[in-house]
Amino acid sequence: MALDGHEVETTHTFSTFLRQVRRADWTLVNVSKDDRPTYLWKLLLGMVWARLWRRRTALFLSMDAVDLCDRPVLRTVLGAMNWIIFRCATRVFLLAGRIHIARRYGLAEPRVHCVWNCPDPAAGWQAKSDVVSPAGGSAAPLIFLYHGELLWWHGLERFLPILEAINRRRPSRLIVTGNFYPTVFRVLGCAASRREGEIKRHLPAALRHEYVDYRGRVPVEQLRRLMAEADFHVSLLDHESLQGRTELRTGLLEAMATGMVCLHAATPALPPDLFRDGENIVLLDTADTEACVQKILALADSPGQLAAIRRNAAQTVAVHFNMEQHYRKAISVLTR
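The notes below deal with the structure included here. (Residues numbered from 1 in each chain as written. Predicted model: local features only at pLDDT ≥ 70, side-chain atom pairs only at ≥ 80, totals over all residues. Heavy atoms only, no water.)

**A short note on the overall build of the protein**
Reasoning step 1: Tallying secondary structure elements over the protein gives 12 helices and 12 strands in all.
Reasoning step 2: Whereas a compact globule of 336 residues would reach a radius of gyration of roughly 20 Å, the protein reaches 21 Å, a difference of no more than 12%.
Reasoning step 3: For the protein, the spread of C-alpha atoms along the principal axes amounts to about 65 × 45 × 35 Å.
Reasoning step 4: Each of the 336 residues in the protein was classed as buried or not, and the buried ones make up 51%.
Reasoning step 5: In the protein, the share of contacts with a sequence separation of at least 24, taken over all contacts with a separation of at least 6, comes to 74%.
Reasoning step 6: A total accessible area of about 16300 Å² is found for the protein, and carbon and sulfur atoms account for 55% of it.
Reasoning step 7: Between the mean site of the 43 positive side-chain charges and the mean site of the 34 negative ones, the protein shows a separation of 8 Å. (Helix = DSSP H or I, 4+ residues; strand = E, 2+ residues; numbered from the N terminus. Rg over C-alpha atoms; globule rule 2.2 N^0.38 Å. Buried < 20%, exposed > 50% of the residue type's maximum accessible area, 1.4 Å probe, protein only. Contact = heavy atoms within 4.5 Å. Areas by Shrake-Rupley, 256 points an atom, 1.4 Å probe, with all protein chains shown as cover. Lys, Arg positive; Asp, Glu negative; His and termini not counted. Charge placed at Lys NZ, Arg CZ, Asp CG, Glu CD.)

If you want it as structure tokens, here you go:
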């Protein structure tokens, strides 16, 4: 927006937000998962403050806090807070896969706008040339890569049985990069989700697995090198929870943009006209470990098919998930 000629100020400080919202033509509020206990309360107070001053605000929403909670009383509290927040917003930009949030709160056009998340072109995710598979023969170890925050609905732990089964036939390892937050989402001091707490208790052990190389957060340059060396990208393997079924990960799109073969559960978040199994993505059913192993190993021994998937993946993102195109649609909503 700044490069487009708009005056932009960003802040993570709540006091600065309260001061500056009074002078801004638009205040853009990015709402995402946050484990800090005061996060939701500051969001609620900030949106009410902006409404009292009759200032225009746009919510960019990636996740509804209600979806992160499985405790009935806390869900009611969160639902009431969100209802107020949405009523204070002038516009709501919502990830397209999570339109159920708009229906839940009775949001409709012209207030709500569905958008796709996109790889940031400034980070250099695009494939630089014709995409080819990493070098290596049938005896070379297979390298799997996961990158991005280790959110508990991504189902990374579901890949471990597949990885173990592959290692019984061919050496392989999983490289995991990104932040892992052991804290859980809390409301009124209470853990909001029992399932989140359970998975986060097991994830540290999974990251210490003998076939897993956990590196934490790495610089973008190093991550791009790992992407170029890896055979497959492990993207999202949870097709049961609401969060997993409705998330189109930015990490998936980044990996596809660089020309990686991405492993993903078949979820409604992947539009079937854009994501086609065996053409630009590889869909797995983690309930059938043996079928997953056979599918992955067959692909690993088919360099021509791997190269085609890589090229198609990069082209899909370049055509349909272009940041500039989606920015133009969003800015037209704010300026018309």
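**Some remarks on the pattern of salt bridges**
Reasoning step 1: Enumeration over the complete set of coordinates arrives at 17 salt bridges.
Reasoning step 2: Between Asp238 and Arg195 there is a salt bridge, with the nearest N and O atoms lying 3.5 Å from each other. Placement of Asp238 in the loop between β10 (232-236) and α8 (242-245) and of Arg195 in helix α6 (residues 194-207) is noted, with a sequence separation of 43 residues between them.
Reasoning step 3: With a relative accessible area of 27%, Arg195 lands in the partly exposed category.
Reasoning step 4: Ionic pairing is found between Asp277 and Lys295, a salt bridge with its closest N-O pair at 2.7 Å. (Salt bridge = Lys/Arg side-chain N within 4 Å of Asp/Glu carboxyl O.)

**Considering the packing of aromatic side chains**
Reasoning step 1: Here the structure, examined in full by the defined rule, presents nine aromatic pairs.
Reasoning step 2: Aromatic pair Phe86 and Tyr105: ring centres 4.8 Å apart, planes at 55°, arrangement tilted. With Phe86 in helix α3 (residues 72-88) and Tyr105 in the loop between α4 (99-104) and β4 (112-115), this pair connects stretches of sequence that are 19 residues apart. Judged on exposure class, the residue Phe86 and its partner Tyr105 are both buried.
Reasoning step 3: Ring plane angle 45° and centroid distance 6.0 Å describe the contact between Phe275 and Phe321, whose orientation is recorded as tilted. One end of the pair, Phe275, is in the loop between β11 (262-265) and β12 (282-284); the other, Phe321, is in the loop between α11 (303-320) and α12 (323-335), with 46 residues separating them in the sequence. Exposure class is identical for Phe275 and Phe321. Each is buried.
Reasoning step 4: Above the plane of the ring of Trp53 lies Arg22, whose end atom (NZ or CZ) is 3.9 Å from the centre. (Phe/Tyr/Trp six-rings, centres within 6.5 Å; stacked < 30°, edge-to-face > 60°. Lys NZ or Arg CZ within 6 Å of the ring centre and 35° of its normal.)

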